[in-house]
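# Residue-level structural notes
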Amino acid sequence: MASDVSPPPRLSAEAAAQLATAPPVFTTEQILEILPHRYPFLLVDRVVEYQPGQRAVGLKNVTFNEPFFQGHFPNRPIMPGVLIVEAMAQIGGIVLTKLPDVAGRLALFAGIDGVRFRRPVLPGDQLLLSADLLTIRQRRIGKMFCRAQVGGQLVTEGELMFSLVD
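Residues numbered from 1 in each chain as written. Predicted model: local features only at pLDDT ≥ 70, side-chain atom pairs only at ≥ 80, totals over all residues. Heavy atoms only, no water.

## A few points about the overall build of the chain
Stated formally: The numbering of helices and of strands both runs from the N terminus, where a helix is a DSSP run of H or I of at least 4 residues and a strand a run of E of at least 2. The globule rule used here is 2.2 Å times the number of residues to the 0.38 power, and the radius of gyration it is set against is calculated over C-alpha atoms. Partly exposed describes any residue whose relative accessible area lies between the buried limit of under 20% and the exposed limit of over 50%, with all areas from a 1.4 Å probe on protein chains only and scaled to the type maximum. Here a residue-residue contact requires only that any non-hydrogen atoms of the pair lie within 4.5 Å. Reported accessibility uses the Shrake-Rupley method at a 1.4 Å probe radius. Residues are deemed covered only where the shown protein chains occlude them. Only four residue types enter the tally: Lys and Arg on the positive side, Asp and Glu on the negative side, with His and both chain ends excluded. Charge coordinates come from a single atom per side chain, which is NZ of Lys, CZ of Arg, CG of Asp or CD of Glu.
For the chain, the count of helices and strands is 3 helices and 6 strands. Helices and strands in the chain line up, N terminus first, as α-α-β-β-α-β-β-β-β. For 166 residues, the compact-globule estimate of 2.2 N^0.38 gives 15 Å, and the chain sits close to it at 15 Å. Expressed along its principal axes, the backbone C-alpha trace of the chain runs to roughly 45 × 30 × 30 Å. Looking at the 166 residues of the chain, the share that counts as buried comes to 49%. Considering only contacts within the chain whose residues lie at least 6 apart along the sequence, 66% involve residues at least 24 apart. Just so you have it, the chain exposes about 8500 Å², and 54% of that area is on carbon and sulfur atoms. One way to put it: in the chain the 16 positive side-chain charges average out to a point 3 Å from where the 15 negative ones average out.

## What about the nonpolar core?
Basically, it comes down to this: We call a set of buried residues a nonpolar core when its members are Ala, Val, Leu, Ile, Met, Phe, Trp, Tyr or Cys and they connect through side-chain atoms within 4.5 Å of each other.
Counting 40 residues, the largest nonpolar core has Met-79 and Leu-127 as its most contacted members. Residue assignment for this core shows that the elements contributing at least two residues are α2 (28-34), β1 (46-51), α3 (81-97), β4 (126-137), β5 (141-150) and β6 (153-165). Apart from the residues within four sequence positions on either side, Met-79 is in contact with Val-62, Phe-68, Phe-69, His-72, Ile-84, Val-121 and Leu-127. Counting residues in hydrophobic clusters, the runner-up holds 8 residues, among them Ala-16, Val-48, Leu-59 and Leu-128.

## Let's talk about the pairing of β6
Selection rule: At least two DSSP bridges between two strands are required for those strands to pair.
Across the 13 residues of β6, 10 count as buried, placing the element largely inside the fold. Pairing of strand β3 (residues 106-117) with β6, which is carried by 9 bridges, proceeds in the antiparallel orientation. Bridge assignment links Ala-107 to a residue of β6, and that residue is Leu-164. One ladder, built from 10 bridges, connects β5 with β6; its direction is antiparallel. Residue pairing in the sheet places Arg-147 in a bridge with Glu-157 of β6. Counted along the chain from β5 to the antiparallel partner β6, the turn is 2 residues long, and its residue Gly-151 has a positive phi close to 55 degrees.

## A look at the environment of Ile-34
Position of Ile-34 among the secondary structure elements: in helix α2. C-alpha separation for the pair Ile-34 and Gly-104, spaced 70 residues apart in sequence, amounts to 9.2 Å. In this view, Ile-34 contacts Phe-26, Ile-94, Thr-97 and Lys-98; residues no more than four positions away in its chain are not counted.

## Thoughts on the layout of surface pockets
Put simply, the test is: As defined here, a cavity is a set of points on a 1 Å grid over the protein atoms alone where a 1.4 Å probe fits but cannot get out. A pocket is an open set with protein on both sides within 12 Å along at least five of seven lines, and residues line them when an atom is within 4 Å of a point. Grid points are joined across faces, edges and corners, and a volume is the space filled by probe spheres set on the points. Under this grouping Gly is polar, as are all residues other than the nonpolar Ala, Val, Leu, Ile, Met, Phe, Trp, Tyr, Cys and Pro and the charged Asp, Glu, Lys and Arg.
Its volume calculated, the largest pocket comes out at about 170 Å³. If you go around the largest pocket, you meet 15 residues; those closest to its centre are His-37, Glu-86, Ala-107, Leu-108 and Phe-162. Counting residues per element, the ones that place at least two in the lining of the largest pocket are α3 and β3. Ranked by residue count, the leading element in the lining of the largest pocket is α3, at 5 residues. Broken down by class, the residue content of the lining of the largest pocket amounts to 9 nonpolar, 4 polar and 2 charged.

## Side note on the sheet that holds strand β2 (residues 55-61)
Basically, it comes down to this: As a rule, the C-alpha atoms of each element are fitted with a line to give its axis, helices using only the stretch in contact, and angles between N-to-C directions run from 0 to 180 degrees.
Taken in spatial order, the 6 strands of this open sheet run β1-β2-β4-β5-β6-β3, and their pairing is antiparallel. The two strands at the open ends of the sheet, each matched to only one other strand, are β1 and β3. Between one strand axis and the next, the sheet turns by 20 degrees as a mean value, whatever way the strands run. The pairing of β2 with β4 spans 7 bridges and is classified as antiparallel. By the bridge assignment, Gly-58 is partnered in β4 with Leu-129. Contacting β1, β2, β3, β4, β5 and β6, α3 runs over the sheet at an angle of about 50 degrees to β4.

As structure tokens, this is what we get:
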């Protein structure tokens, strides 16, 4: 089910580089207050751009010490695509759970549409994750356009749907 709202433009390499060094809007400690995720499943290190009710951009520093690299894949470590999607969803969760009248609710996956993987994510990469709110219905179902980039290159993009539960 494609959205009738066009996705936001991709960030240029220059804009991505500026955000990668931007001071945090939300630190890791503040993200822990917003999201229920904990190690090893918290996949956002900091949020560097936040427009309430609209958009968030965050960073994930991918290190060789990540637990998934032991088995994915030995001698050729690649970040699993499902974890890239999860990292994008966590940025989307920040946008949704900071909406008025949503405090205390949990954002769960309700659907994943049109997600495409363009290049592998390797140890040493820094994922720039963005989530733009497309729609929200009855403060219960939200749809986001999410994107992951490394060094200005597109890694993954697609629409994620969320259900807000008590």
